[in-house]
Amino acid sequence: MEKERETLQAWKERVGQELDRVMAFWMDHSHDQEHGGFFTCLGRDGKVYDDLKYVWLQGRQVWMYCHLYRKFERFRRPELLDSAKAGGEFLLRSARVAPPGKKCAFVLTRDGRPVKVQRTIFSECFYTMAMNELWRVTGEAHYQIEAVEMMDQIVHWVREDPSGLGRPQLPGAPASDPMAVPMMLLNLVEQLGESDEELAGNYAELGDWCAQRILQHVQRDGQAVLENVSEDGEELPGCLGRHQNPGHALEAGWFLLRHAIRKGDPELRAHVVDKFLLLPFRSGWDPDHGGLFYFQDADGLCPTQLEWAMKLWWPHCEAMIAFLMGYSDSGDPALLQLFYQVAEYTFRQFRDPEYGEWFGYLNREGRVVLTIKGGPFKGCFHVPRCLAMCEEMLGALLSRLPPVRAPRAGSLPAAPAPRGTE
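Every value quoted in this text rests on a predicted model; they were computed, and no experiment measured them. (Residues numbered from 1 in each chain as written. Predicted model: local features only at pLDDT ≥ 70, side-chain atom pairs only at ≥ 80, totals over all residues. Heavy atoms only, no water.)

(A) Summary view of the overall build of the protein chain. Summing up its helical and strand segments, the protein chain has 14 helices and 14 strands in all. For a compact globule of 422 residues, the expected C-alpha radius of gyration is about 22 Å, and the protein chain comes in at 23 Å, within 12% of that figure. Sorting the 422 residues of the protein chain into buried and exposed places 55% on the buried side. Mean positive and mean negative side-chain charge positions of the protein chain (47 and 59 charges, respectively) differ by 4 Å. (Helix = DSSP H or I, 4+ residues; strand = E, 2+ residues; numbered from the N terminus. Rg over C-alpha atoms; globule rule 2.2 N^0.38 Å. Buried < 20%, exposed > 50% of the residue type's maximum accessible area, 1.4 Å probe, protein only. Lys, Arg positive; Asp, Glu negative; His and termini not counted. Charge placed at Lys NZ, Arg CZ, Asp CG, Glu CD.)

(B) Main features of the environment of Arg 119. Of note, Arg 119 is situated in the loop between β5 (114-116) and α4 (122-138). In this structure Arg 119 comes out as partly exposed when scored by relative accessible area, which is 45%. Apart from the residues lying within four places of it in its own chain, the contact partners of Arg 119 are Leu 165, Gly 166, Arg 167 and Pro 168. (Contact = heavy atoms within 4.5 Å.)

(C) Spotlight on helix α10 (residues 246-263). Between its first and last C-alpha atoms α10 spans 25 Å; for 18 residues at 1.5 Å apiece the expected length is 26 Å, and the two agree. Most of α10 is tucked away, with 14 of its 18 residues classed as buried. Just past α10, the residue Gly 264 takes up positive phi, approximately 70°. (Expected span 1.5 Å × (residues − 1).)

(D) Fine view of the side chain of Gln 349. Following the sequence through the fold, Gln 349 ends up in helix α13 (residues 333-350). Polar side-chain contacts of Gln 349 include one of 3.1 Å to the side chain of Arg 348. Within polar-contact distance, the side chain of Gln 349 engages the backbone oxygen of Gly 366 at 2.9 Å. In contact with Gln 349, not counting residues within four places along its chain, are Leu 362 and Gly 366. (Polar contact = N/O pair within 3.5 Å; in protein donor to acceptor, adjacent residues only side chain to side chain.)

(E) The sheet that holds strand β12 (residues 311-312), seen in detail. Strand order in the open sheet formed by three strands is β12-β13-β14, and the pairing between neighbours is antiparallel. With one partner strand each, in any of the chains shown, β12 and β14 (368-370) form the two edges of the open sheet. Note that β12 and strand β13 (residues 361-362) share two bridges and pair antiparallel. Its bridge partner being in β13, Lys 311 is matched across the sheet by Leu 362. (Pairing = 2+ DSSP bridges.)

See below:
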């Protein structure tokens with residue numbers, strides 16, 4: 001028991017110190033004091049190499065700052081909240097391409113003019129997360145109004161009429177159901193429903209629908225999690241149908257596990273651990289060099305994506321969260337050992353001890369391929385979210401251990417005899 005306590009305590013301290021270093025990097029280098037929002041295209045040393053602003057990453061960083069401000073006493077600093085509010089106001093002014101329409105841009109200029117739009121829901125999802133978390137830390141109602149209205153629009157696009165996304169329905173395109181869509185919606189259900197019984201009740205059916213859609217991605221008699229399935233939950237033909245993303249399956253795993261814990265469903269919890277944690281890890285962990293492959297083919301064929309064998313930062317972050325959450329819920333020591341295995345690899349390979357933050361892109365052997373710390377897809381999100389969640393879970397695990405007992409009177413070891421009297 002004492003060895004377990006020491007190991008958990010050491011990891012809690014290590015994770016907490018790393019969270020402080022990572023956040024210092026973003027606070028020192030990413031704030032746009034002129035226009036609000038954040039620079040995310042940062043080189044190894046934090047220097048800005050492009051001032052385009054990606055709405056996914058703007059929303060994520062606002063959410064991250066607010067979440068840390070709300071959850072951690074040491075991050076309850078005025079400069080963090082002020083920067084989050086400046087980022088939120090930038091999004092309110094600039095994210096939507098043609099207000100009062102809800103469609104958000106994917107890329108903006110530094111001063112907020114739209115550059116590119118994606119025909120997906122993800123810019124809008126991160127906008128919603130940012131607005132809800134801003135409301136939680138400021139109490140300003142207009143942020144929550146924005147969050148709920150955007151959530152309603154996202155649900156309409158997903159479940160009723162996707163035409164507003166602008167994606168043409170081409171006759172040869174298969175009607176596919178990518179796992180990312182119900183995953184993001186389930187995450188929003190959890191975000192908006194936290195400590196809000198009314199909204200939690202409003203979204204309860206939606207949360208169950210999302211969970212069922214994600215569970216449909218377990219295919220081949222329970223032996224594979226596929227990234228894309230048909231709308232009725234069947235395997236699709238070709239590369240699209242065989243496509244696997246181990247990190248995404250692990251992230252879906254902890255989303256589902258959190259949902260199952262809240263619902264008090266032990267059967268679902270066990271199923272999620274087996275199919276969304278252990279199964280993707282067993283197939284996705286590189287036996288030769290360590291780390292998670294980025295993409296795989298369910299038939300063992302060579303994936304067509306050039307980066308398939310690379311090791312990226314975010315799947316390892318999601319694996320750390322998933323295994324520690326699984327252990328926290330089940331107490332299965334095998335899950336704790338997998339957390340340690342992934343965490344050791346991740347800290348050793350991705351962490352930059354010289355300039356702070358983490359590298360994002362390694363080759364199969366674990367060598368750094370891109371020295372950038374941020375770009376169009378990597379910002380202030382996966383690394384600090386992982387570290388923050390792991391710090392909280394490790395603290396909770398330590399608090400559940402029985403206290404260290406002080407020696408009872410009369411049970412102290414005998415004092416050594418004076419020299420020369422042995």
